[in-house]
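# Topology and contacts: notes
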Amino acid sequence: MASPIKFGTDGWRGLIAEDFTCDRLAEVAPVAAQVLSQLDTTGTRKIIVGYDRRFMAEEFARVTAESVCNFGFDVDLADTYAPTPAFSWIAHDQKALGALVITASHNPGGYSGLKVKGGFGGSVSPEVTQKIEALLATPASFPATEPGRLQSINPWQTGYCEALTAHVDLEIIRAAIAAGRLTVFVDVMHGATAGGMETLLGVPIHELNSHRDPLFGGGAPEPLPKYLSYLCRQIRTHQHHHPQGLAVGLVFDGDGDRIAAVDSQGNFLSSQILIPILIEHLVTRRGMGGEIIKTVSGSDLIPRIAELYQLPLFETPIGYKYIADRMLTSPVLLGGEESGGIGYGHHIPERDALLSALYLLEAIAQSGEDLGQLYQNLQAQTHFSSAYDRIDLPLANMTVRSQLLQKLQTQPLTTLAGQAVTDCLTIDGFKFRLLDGSWLMIRFSGTEPVLRLYCEAATLEQVHQLLNWAKDWATCG
Ligand SMILES: O=P(O)(O)OC[C@H]1O[C@H](O)[C@H](O)[C@@H](O)[C@@H]1O
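Everything numeric in this text was worked out from a predicted model, so none of it was measured.

### Remarks on the overall build of the protein
A tally of helices and strands in the protein yields 15 helices and 22 strands. Radius of gyration (C-alpha) of the protein: 22 Å, near the 23 Å computed for a compact globule of 477 residues. Based on the C-alpha atoms only, the size of the protein along its principal axes is roughly 65 × 60 × 40 Å. Counting only residues that meet the buried cut, the protein has 59% of its 477 residues in that class.

### Notes on the site of the ligand
Around the ligand, the structure places 16 residues, and the nearest of them are Thr9, Ser445, Gly446, Thr447 and Arg452. Within the contact set of the ligand, an oxygen atom lies 2.8 Å away from a side-chain nitrogen or oxygen of Arg351. For the shell around the ligand, a count of residues per class yields 2 nonpolar, 7 polar and 7 charged.

### What about the sheet that holds strand β9 (residues 206-208)?
What the 5 strands build is an open sheet, ordered β9-β8-β10-β11-β12; its pairing is mixed. Each end of this open sheet is capped by a strand with a single partner; those strands are β9 and β12 (268-269). Sheet topology note: the strand β8 (residues 182-187)/β9 ladder contains 3 bridges and is parallel. Residue pairing across strands places Asp187 opposite Leu208, the latter belonging to β9.

### Section: the sheet that holds strand β16 (residues 342-344)
The pairing of strands in a sheet comes from backbone hydrogen bonds and takes either a parallel or an antiparallel form. Read across the sheet, 4 strands follow the order β14-β13-β15-β16 without closing on themselves; strand pairing throughout is mixed. The sheet terminates laterally at β14 (313-316) and β16, the two strands that pair on one side only. Across the sheet, the mean angle separating the axes of adjacent strands is 15° when strand polarity is ignored. Across 4 bridges, the pairing between strand β13 (residues 291-295) and strand β15 (residues 332-336) is parallel. Along β15, the bridge assignment pairs Ile293 with Gly335. Helix α11 (residues 320-327) rests against β13, β14, β15 and β16 of the sheet, and its axis sits at about 175° to β15.

### Concerning the side chain of Lys46
Of note, Lys46 is situated in strand β3 (residues 46-51). For Lys46, the side chain forms a polar contact with the side chain of Asp76, separated by 3.4 Å. At a separation of 2.5 Å, a polar atom in the side chain of Lys46 contacts the side chain of Gln94. Residues in contact with Lys46, not counting those within four places in the same chain, are Asp74, Asp76, Gln94, Ala96, Leu97, Gly98 and Arg149.

### Thoughts on the domain arrangement of the protein
A common way to report how large an interface is uses the accessible area buried once the components associate. For the protein, the assigned domains are domain 1 (7-158), domain 2 (161-382) and domain 3 (387-475). Computed from C-alpha coordinates alone, the two centres of domain 1 and domain 3 are separated by 35 Å. Contacts between the two partners involve 8 residues from domain 1, matched on the other side by 6 residues from domain 3. Summed over both partners, the interface of domain 1 with domain 3 comes to about 440 Å²; 44% of that surface belongs to carbon and sulfur atoms.

### Overview of the pairing of β3
Of all 6 residues making up β3, 6 are buried, and the element is well covered by its neighbours. Because side chains alternate across β3, one face comprises the buried residues Lys46, Ile48 and Gly50, and the other comprises Ile47, Val49 and Tyr51, equally buried. Two elements, β3 and strand β4 (residues 74-78), share 4 bridges in a ladder whose sense is parallel. Bridge assignment links Ile47 to a residue of β4, and that residue is Val75. Chirality of the crossover, the property in question, places the unit of β3, helix α2 (residues 57-69) and β4 among those that are right-handed. Summarising the sheet, β3 and strand β5 (residues 98-102) pair through 5 bridges and their orientation is parallel.

Parameters at a glance
Residues numbered from 1 in each chain as written. Predicted model: local features only at pLDDT ≥ 70, side-chain atom pairs only at ≥ 80, totals over all residues. Heavy atoms only, no water. Helix = DSSP H or I, 4+ residues; strand = E, 2+ residues; numbered from the N terminus. Rg over C-alpha atoms; globule rule 2.2 N^0.38 Å. Buried < 20%, exposed > 50% of the residue type's maximum accessible area, 1.4 Å probe, protein only. Near = heavy atom within 4 Å. Polar contact = N/O pair within 3.5 Å; in protein donor to acceptor, adjacent residues only side chain to side chain. Nonpolar A, V, L, I, M, F, W, Y, C, P; charged D, E, K, R; others polar. Pairing = 2+ DSSP bridges. Axes fitted to C-alpha atoms, helices over the stretch in contact; angles between N-to-C directions. Contact = heavy atoms within 4.5 Å. Domains from an automatic or database assignment. Buried area = accessible area lost by both parts, 1.4 Å probe. Right-handed = clockwise from strand over helix to strand, strands pointing away.

Now the structure itself:
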């Protein structure tokens with residue numbers, strides 16, 4: 001039986017042909033458009049419809065566009081895939097009501113989804129998605145109107161690419177590539193950023209996993225080390241043969257709003273490391289400032305970097321919508337998430353992996369230093385070094401979920417792997433601080449049926465010890 005239509009951490013996701021069907025989409029999309037129009041004060045009727053490279057993405061986008069059009073909205077329907085942030089940018093640039101994007105982001109190939117972006121250029125707030133859910137539960141009949149107009153657009157030719165490249169010194173990046181000082185590998189994970197970096201840079205780069213594969217090689221288009229062994233090997237081999245230059249690997253998720261990287265030694269760098277590197281770059285080489293936003297699962301290095309550069313810090317639950325909300329009211333430099341979403345107050349209130357990639361290339365080209373080296377410099381400056389990892393435990397069913405939640409609520413953990421808990425933060429999930437400064441967080445995903453276990457400690461050994469403890473706690477009843 002299909003699951004009820006629920007909006008999670010970002011959008012409505014579902015298994016294709018089971019939960020996520022054309023019929024249900026044709027119901028949800030016009031309601032989402034109506035709710036977006038209720039927020040509008042300008043009188044526009046324009047909605048942008050975009051999609052990623054998943055199974056049937058074009059067909060789902062057409063159903064979305066036509067169903068929305070039938071309710072009197074004017075639709076700009078993408079004629080090809082593009083990253084989700086491109087559609088957020090277009091919605092903002094075109095002063096549209098918002099964008100409806102067919103994507104299940106980083107989820108495995110069986111899933112599709114619908115992300116709802118506001119005309120301000122980012123994810124709508126939980127109040128908005130709750131309103132959509134409420135209207136779906138009690139279908140109100142919307143007044144009949146003349147159908148709107150439907151036109152197609154090429155999302156790559158809307159000004160989005162120029163908006164990104166305007167933020168960086170393209171010439172210095174191109175010169176470093178041309179001189180062999182910098183070699184760029186990009187793993188697009190078969191997703192919607194395919195071709196994107198080459199379009200932006202205007203010079204050839206090494207793009208991996210470019211072809212469309214709706215099964216994502218049997219994994220998921222999520223920038224995690226377990227999917228990146230091929231990229232790491234390519235980089236190590238390249239560096240071995242070209243030791244005089246620096247190589248970098250940039251990795252994007254299925255819809256281009258998350259990023260990770262690999263340094264020239266083939267080491268994986270998650271956004272826990274990239275966020276500090278990007279803050280340092282924007283502050284020291286670009287002379288920028290503003291507030292830093294992190295989610296509760298962000299590394300402890302982030303507050304230390306904020307302190308180093310005397311930047312205010314703000315912490316939110318997980319979900320970029322909370323960061324976007326804050327960006328709309330405060331002068332924010334950067335807002336970033338553990339899962340790889342990083343965005344900038346001077347762009348749109350949305351994560352944008354391509355812009356982060358450009359900034360990272362600029363940081364390497366300007367400093368002449370490898371990403372791994374830039375990270376080590378920051379560790380030395382803040383006198384803080386740590387290791388981080390996350391485990392995602394599949395949940396057999398909703399009963400297991402509620403049992404675990406009840407256990408967390410009724411039997412508070414006071415020690416963890418033999419260490420005393422000094423604090424428990426419940427902004428989102430349960431984040432336990434331990435006596436030695438390490439932390440472990442237990443939280444249910446809002447996008448897939450998994451329990452996430454997050455941990456940061458002084459060494460990777462300690463991280464794995466704590467994660468194994470948590471895994472046993474979660475699985476041993
Ligand atoms: O941990 P989850 O609830 O699955 O969320 C993981 C991620 O999902 C989506 O991509 C959201 O847009 C992100 O903001 C969030 O970090």
